[in-house]
Structures are given as C-alpha cells and as structure tokens.
Amino acid sequence: MQKKKDIRALTKEELRAFFVAQGDKSFRGNQVYEWLWSKGAHSFEAMTNISKSTRAMLEEHFVINHIQVDSMQRSSDGTVKNAVRLHDGLIVESVLIPTESRTTACVSSQVGCSLNCNFCATARLKRMRNLNPDEIYDQVAAINKESLLYYNHKLSNIVFMGMGEPLMNYNNVLKAIDKITSPEGLGMSPRRITVSTSGIPKMIKKMADDEVKFNLAVSLHSAIDEIRTKIMPFNETFPLDDLRDALKYWYAKTERRVTYEYVVWDGINDNKESINALINFCKHIPCKVNLIEYNPIDDGEYQQASQNAINNYISNLEMHGIVVNVRRSRGKDIDAACGQLANKGQ
Ligand code: SF4
C-alpha cells in the first residue's frame, strides 16, 4: 500500500491544484488550508464545512501528522517544558520562558544534534533526524496556547535554541518561520524570532543572501580558536576567521547586529586573555553579548565560573562600549535550562 502523505507538507498552491485535479474547485484548497493552519485541525473529521465525501477522499490520500504534547512540566519559576511526541514516536523538547514583559518559546529544530559541543546535554543524544516544518510550527503553536492559558497573552518571542543546530535543517526552519509569520499561521513578526547557531559560516552567508528578516545569534563561548575547539570541536572545521568573515558578510548585507551567546566556565574561559579576545571579536561588527548562566549537566569539567569572573567580563566589555546582558537560566528544576534538553523526563 502506498504511504499516505502528510497533507501539511503541501503549500496552499499545491493544495489548490490537488482539488482541481480531483475535479473540485481550487477554493476548496483554501478552506482546507485554513483548517490545517489557522484553526489547527487535528483530523479531517473536524473540518465541518467540508462535505463528508470530500473528507473521506482526503482521508484516503493524506494524514495529518500533528505533534502530541506527551508531558508538560511547570517549574517553580513559571517556566514550562513540553516533551513533544512526533508521529514516528521520537521525542523533542520545547520550553516556554515567561518574564515580566514577554513570553518566549525556545524550540527544537532536530531530534538530537549532529554537533558535539562538550557542554551540551543534547549532544549526547546524537542526531536522529531533522524536524519537518509542521513539527517546528506545532511546537510554537502549542507554546502559544500555553502562554494564553497561563499568562493571558500570546507568545511574544521565539528562539531556535532548543535541541539541534537550526542551520543544519535550514530549509525546514525557514519554511516553519514562513508559516509562523504568515497571517494564516500565527502572524508573528520575524523581528521577534531569533535563530541561534553554533556558527556555520557558509549558512550564515546563505541567510544573508536569502535576506531573512529574523535575528541572528551565535553561540560563541570563546574568541580563541584553541579554547573554542575544545568546547565546540567542530570549530576545527569552521575556525573563527571564517566565522568572522561570514558575520561581516551578514552585517554588510542586512545591517543587523548579531547577538553572541557566551557562557563563562570555571578554568576554561574565565581569564583575561579570553576577555580581551572577545572584546576584539566584538569590534568586527555591531553586536551585543549575552552572558548565559550555565547549568552543569554532570560534575565534569564544565562548571559555571565564579561571580567574580563573570563581573570581570561585564566590566571589561562595558568599558569598551559593548552591550552586555546577563541571562539568568530558567527552569533548572525541570532540566529546561540552556544546554539541558535531553529528554530526561522520559
Ligand atoms: S549546543 Fe546546540 S549545536 Fe551544540 S550540540 Fe548542543 S544542540 Fe547541538
């Protein structure tokens, strides 16, 4: 028997063409599209303004591969973590992070990750597959619902900082963002979306060429090749010079500043040389630095540096006019914090 196709992999145009090929009106495609995206229908049965015979025909040809929120944990600080079951049984995690002024969704782009950052829990899962656009979209839609339910307002921001390297699943991430920002999807502004990458130079250039409208963040963690390679071994293949060139290219094309995500670890990058290297790296293009609080995934060599070391970073960066924010980690008690997503609740 032929495998049924996921209907949500079709564009609106493809859906319209499908109905025409079936001898129906193209308009029917619009109706079904609206059910699938604006109304979030989980079954053909739910499409009540579509005739029974058309619904049966759709059932014959397609499936709707919706995600299922398998479990939901709420942290004492209000952070919500969803374990999301995909149609093939695999699980990814996404997180809702509330602050006073906004609610942010942190979503996954791959099941596991093919990169091997040594400080990261997801890296231990290895990459199993890329997420489809609708699976990424569904995570955001689920969190949007939770934001409305618990905080009485819609989701305000999205960061692609969950499981996986988004630029290794670039086309699907782009398609998902198209849907998230379209009026038929969630109608969110791309300015409120940030794609956070470990820094793959050729993909950063591609994003600039594609004139994407969302924001770019790079997990930098060190501006010294030797140290960065130790933390993120793929830096050997994509060294800092290449990353710097790609970021310059990005800025020349988009005129948008980049955010550098940076963790200070005890005995790894908590020294003056690392601070100076970061300051020099920040001179290449307009940027800001987010110093992220780290949650150890074990008692190994990656432990958060002392407050004194972090203060040293802050004062030196500020002295050089670099904007620096300290990002307190949220949801620690439910393993929802940065670098902790590893399906541990399963
Ligand atoms: S930090 Fe990001 S890119 Fe690195 S292994 Fe973890 S999920 Fe992958």
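How each quantity is defined
Residues numbered from 1 in each chain as written. Predicted model: local features only at pLDDT ≥ 70, side-chain atom pairs only at ≥ 80, totals over all residues. Heavy atoms only, no water. 1 Å grid on protein atoms, 1.4 Å probe; cavity = no way out; pocket = protein on both sides within 12 Å on 5 of 7 lines; lining within 4 Å. Points joined across faces, edges and corners; volume = space filled by probe spheres on them. Nonpolar A, V, L, I, M, F, W, Y, C, P; charged D, E, K, R; others polar. Phe/Tyr/Trp six-rings, centres within 6.5 Å; stacked < 30°, edge-to-face > 60°. Buried < 20%, exposed > 50% of the residue type's maximum accessible area, 1.4 Å probe, protein only. Salt bridge = Lys/Arg side-chain N within 4 Å of Asp/Glu carboxyl O. Pairing = 2+ DSSP bridges. Helix = DSSP H or I, 4+ residues; strand = E, 2+ residues; numbered from the N terminus. Axes fitted to C-alpha atoms, helices over the stretch in contact; angles between N-to-C directions. Core = buried A, V, L, I, M, F, W, Y, C linked by side-chain atoms within 4.5 Å. Contact = heavy atoms within 4.5 Å.

## Some words on empty space enclosed by the protein
Right, on to step 1. Scanning the entire structure with this criterion turns up two cavities of 30 Å³ or more.
Right, on to step 2. Each pocket or cavity is described by its volume, and for the largest cavity that value is around 70 Å³.
Right, on to step 3. Together, Val264, Leu291, Ile292, Glu293, Gln304, Gln307, Ile310, Val326 and Arg328 line the largest cavity.
Right, on to step 4. Taken together, the residues of the lining of the largest cavity sort by class into five nonpolar, two polar and two charged.
Right, on to step 5. Empty space within the second largest cavity amounts to approximately 40 Å³.

## Topic: the packing of aromatic side chains
Right, on to step 1. Throughout the structure, instances matching the rule amount to 12 aromatic pairs.
Right, on to step 2. Seen from their ring centres, Phe18 and Phe19 are 5.5 Å apart, and the 80° between their planes marks the pair as edge-to-face.
Right, on to step 3. Phe19 sits in the buried class, given a relative accessible area of 0%.
Right, on to step 4. Here the aromatic rings of Trp37 and Tyr137 are separated by 4.9 Å at their centres, their planes lie at 85°, and the arrangement is edge-to-face.

## Regarding the pattern of salt bridges
Right, on to step 1. Within the structure shown, the criterion is met by 16 salt bridges.
Right, on to step 2. A salt bridge links Lys206 to Asp210, with the shortest nitrogen-to-oxygen separation between them at 3.1 Å.
Right, on to step 3. One salt-bridge network, in which partners are shared between bridges, spans Arg8, Asp134 and Asp138.

## Some words on the sheet that holds strand E3 (residues 68-74)
Right, on to step 1. Pairing is mixed across the open sheet formed by 10 strands, whose spatial order is E3-E4-E5-E6-E9-E10-E11-E12-E13-E14. Every interior strand has two partners, whereas the edge strands, E3 and strand E14 (323-327), have only one. Strand-to-strand twist across the sheet, computed as the mean angle between neighbouring axes with direction ignored, equals 20°.
Right, on to step 2. Bridge count between E3 and strand E4 (residues 80-85): six bridges; the pairing is antiparallel. Counterpart to Gln73 in the pairing with E4 is Lys81.

## Focus: the nonpolar core
Right, on to step 1. Leu247 and Tyr260 are the most contacted members of the largest nonpolar core, which has 100 residues in total.
Right, on to step 2. Looking at which element gives the most residues to this core, the answer is helix H9 (residues 272-282), with six residues.
Right, on to step 3. Residues within four places of Leu247 in sequence aside, it is in contact with Ile204, Leu216, Val218, Val258, Tyr260, Phe281 and Ile285.

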